[in-house]
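Chain residues, written in single-letter form:
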Amino acid sequence: MMRKGRFDQPAAELAKRYSESVSFDRRLYDYDIAGSIAHASALARAGIITADERQKIENELRAIQKEIESGKFEWDRSLEDVHMNIEAALTKRIGASGGKLHTARSRNDQIALDLRLYVKAENAKLSAGLRLLQSALLGLAEQHVDLVMPGYTHLRRAQPILFAHYLLAQIEAFERDADRLRDCLVRTDVLPLGSGALAGSIIALDREFIARELGFSRVSQNSVDAVSDRDFVCEFLFDLAMIGLHLSRLSEDLILWSTSEFGFLEFSDAFSTGSSLMPQKSNPDMAELTRGKTGRLYGNLMSILTTMKALPSSYNRDLQEDKEVLFDSVDTVRAALGVFAAMLPELKINRERMETAAKDPNLFATDLAEYLVKKGTPFREAHEIIGKLVVHAAHTSLPLDQVPLSKMQSFSPLFDVDVTKMFDIRLSLAERRAIGAPSPENIAAQIEHWREYLASDD
Ligand code: ARG
């Protein structure tokens, strides 16, 4: 219908198929309709349509919405996009008044509006999904609050920690993600409608009114910027990529710890897959897929950044390429968060294996150096002494805690009978009292903090 005036020739079928977007942007229909209803109200206030026409438009748009929801609406690819499909259906049903709806509006500000409403809604849903994941991690921490394990650096046993400390570390990372989403919302929550194609319109609508109707906190201040701006999509895709990054790290830890070699935990059968060939296998595919899907999330971020690079100001059709990557990242992260929130509470934790691994006396080598420091040895010297002691123990095939005191004293006269206490993991953990360190008291306080935080509304 928009070709009627300007063109003699219909568009080539090939060109239509190439440029249509309704096959994927139809999922914005809710926001498109909400935007149109608010726009119609603004047109009525400006005297462009009558109160009666406004009501007709609203009623019919709501009817169309119901039809779409029930799957009865007939989408027509030849009508290009979600906007034209809905407008055409409206006009077909109510005639000329339907043709007034697009006054002082362009699809350029319309799509910017739909996309912002979509990102706002998905931002809220993903934030809720993050909370559920954090609650699942917290549940595990509460359940295993006293469970010790080796902490690793370079995947080598390093120093003792509590399993709960590891879980709380993941909660911290996901809270930064939630924080990023809150921050992204500030810049998403801006009304672009009323910017027209790029230069507004000689029919001035009350944009503050439209913003209130649609629940936007602010109104865009420059019409050229408003139709160009996809910063909020870029930011959102970055935020989703970071969630993926954190999920991939958690996935990798769980996959590794579920190997026979570690045996720290098992995935429940409900979240494991079998092998088509090897009857004994139970594979951690949910975690592997999540690790893998993170690549897609990065790809989607690169895609939007590359689409936006050096695009001329104002609207360009390239911008249509923002949607599929956005939808894909949203769907991917939403599914991954859901799977993890359901899978984590079902993890079978092999406490014995973790505790046995945490008994490795080498985990306390740093504590031994700090023991000497407390008795006056400079740390670098203490580090060297303990290094030599570790080598001696290995050469004589003695665990570090079995080296006789007299022998230890040949490395440093400051070793005393109290050194045996240094291999007690509970005592070692209890000493780790500084903010952020894994003393049981700190862990209990952190669990309490997160329990209250996650139970609160915000
Ligand atoms: N499908 C388009 C998009 O996603 C809608 C806006 C089209 N505007 C235009 N002037 N062709 O960006």
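Criteria and thresholds
Residues numbered from 1 in each chain as written. Predicted model: local features only at pLDDT ≥ 70, side-chain atom pairs only at ≥ 80, totals over all residues. Heavy atoms only, no water. Helix = DSSP H or I, 4+ residues; strand = E, 2+ residues; numbered from the N terminus. Rg over C-alpha atoms; globule rule 2.2 N^0.38 Å. Contact = heavy atoms within 4.5 Å. Areas by Shrake-Rupley, 256 points an atom, 1.4 Å probe, with all protein chains shown as cover. Lys, Arg positive; Asp, Glu negative; His and termini not counted. Charge placed at Lys NZ, Arg CZ, Asp CG, Glu CD. Near = heavy atom within 4 Å. Polar contact = N/O pair within 3.5 Å; in protein donor to acceptor, adjacent residues only side chain to side chain. Nonpolar A, V, L, I, M, F, W, Y, C, P; charged D, E, K, R; others polar. Domains from an automatic or database assignment. Buried < 20%, exposed > 50% of the residue type's maximum accessible area, 1.4 Å probe, protein only. Buried area = accessible area lost by both parts, 1.4 Å probe. Salt bridge = Lys/Arg side-chain N within 4 Å of Asp/Glu carboxyl O. Pairing = 2+ DSSP bridges. Phe/Tyr/Trp six-rings, centres within 6.5 Å; stacked < 30°, edge-to-face > 60°. Expected span 1.5 Å × (residues − 1).

Draft legend 1. Expanded view of the overall build of the protein. What the protein contains, in helices and strands, is 18 helices and 6 strands. Relative to the compact-globule value of 23 Å for 458 residues, the protein shows a C-alpha radius of gyration of 31 Å, a clear excess of over 25%. The principal-axis extents of the C-alpha atoms in the protein amount to approximately 100 × 55 × 40 Å. For the protein, the share of sequence-separated contacts (at least 6 apart) that also reach a separation of at least 24 residues comes to 77%. On the protein, roughly 22700 Å² of surface is accessible, and the fraction owed to carbon and sulfur atoms is 54%. Across the protein, the mean location of the 56 positive side-chain charges is 3 Å away from that of the 67 negative side-chain charges.

Draft legend 2. Fine view of the site of the ligand. What surrounds the ligand is the set Ser21, Asp81, His83, Arg107, Asn108, Ile111, Tyr315, Arg317, Gln320 and Lys323. At a separation of 3.3 Å, a nitrogen atom of the ligand approaches a polar side-chain atom of Ser21. Lys323 places a side-chain nitrogen or oxygen 2.6 Å from an oxygen atom of the ligand. For the ligand, whose unbound accessible area comes to 340 Å², protein coverage reaches 88%. The element contributing the most residues to the shell around the ligand is helix H6 (residues 107-143), with 3 residues. Among the residues forming the shell around the ligand, the class breakdown is 2 nonpolar, 4 polar and 4 charged. Domain assignment of the residues forming the shell around the ligand places at least three in each of domain 1 (13-103) and domain 2 (108-153 + 161-200 + 217-356).

Draft legend 3. Representation of unusual backbone geometry. Positive phi values are uncommon outside glycine, yet Ala310 reaches one of about 60°. Examined against the element boundaries, Ala310 turns out to sit in the loop between helix H11 (285-308) and helix H12 (322-343). The residue Ser397 is not glycine, and still its phi comes out positive at about 55°. As for its placement among the helices and strands, Ser397 is situated in the loop between helix H15 (379-395) and helix H16 (405-411). Relative accessible area serves as the criterion here: at 63%, Ser397 is assigned to the exposed category.

Draft legend 4. Structural detail: the domain arrangement of the protein. Looking at the protein, the domain boundaries give domain 1 (13-103), domain 2 (108-153 + 161-200 + 217-356) and domain 3 (361-456). Listed as interface residues are 15 residues of domain 1 and, on the opposing side, 15 residues of domain 2. Each partner contributes to the roughly 1400 Å² buried at the junction of domain 1 and domain 2, and carbon and sulfur atoms together form 58% of this total. Together, Phe24, Arg27 and Tyr31 form the three largest contributors to the area buried by domain 1 at its contact with domain 2, with a combined 46%. Connecting domain 1 to domain 2 are 2 salt bridges. Where domain 1 touches domain 2, the interface holds 7 residue pairs in polar contact (both at pLDDT 80 or more). Those elements giving two or more residues to the side of domain 1 that touches domain 2 turn out to be helix H2 (22-25) and helix H3 (29-45). Per-class residue counts for the side of domain 1 that touches domain 2 are 3 nonpolar, 7 polar and 5 charged.

Draft legend 5. Examining the pairing of strand E1 (residues 148-153) more closely. Across 6 bridges, the pairing between E1 and strand E2 (residues 156-162) is antiparallel. For Val148, the partnering residue across the bridge sits in E2 and is Leu162. The antiparallel hairpin formed by E1 and E2 contains 2 residues in its connecting segment, where His154 sits at a positive phi of about 55°.

Draft legend 6. Main features of the packing of aromatic side chains. Across all of its chains, the model carries 11 aromatic pairs by this definition. Relative to Tyr453, the ring of Trp450 lies with its centre 5.6 Å away and its plane at 90°, an arrangement referred to as edge-to-face. With a gap of 3 residues between them, Trp450 and Tyr453 both fall in helix H18 (residues 440-455), about one helical turn apart. Taken together, the ring pairs in this structure connect Tyr152, Phe163, Tyr166, Trp257, Phe262 and Phe264 into an aromatic cluster.

Draft legend 7. Local environment of helix H8 (residues 207-214). Among the residues of H8, those classed as buried are Arg207, Phe209, Ile210, Ala211 and Leu214. Tucked inside the fold, the buried residues of H8 contact H3, H6, strand E3 (190-191) and strand E4 (218-219). Capping of H8 at its N-terminal end is provided by Asp206; its side-chain oxygen lies 3.2 Å from the backbone amide nitrogen of Glu208. Gly215, located one to two residues past H8, shows a positive phi value of around 75°.

Draft legend 8. Here's a closer look at H6. Taking 1.5 Å per residue, 37 residues should reach 54 Å; H6 reaches 53 Å between its end C-alpha atoms and fits that length. Most of H6 is tucked away: 26 of the 37 residues are buried.

Draft legend 9. Seen up close, the environment of Ile86. Mapped onto the secondary structure, Ile86 falls in helix H5 (residues 82-94). Among the residues examined, Ile86 registers a relative accessible area of 2% and is labelled buried. Separated by 25 residues in sequence, Ile86 and Leu61 place their C-alpha atoms 7.9 Å apart. Beyond its immediate sequence surroundings of up to four residues, Ile86 is in contact with Tyr29, Asp32, Ile33, Leu61, Ile64 and Ile68.

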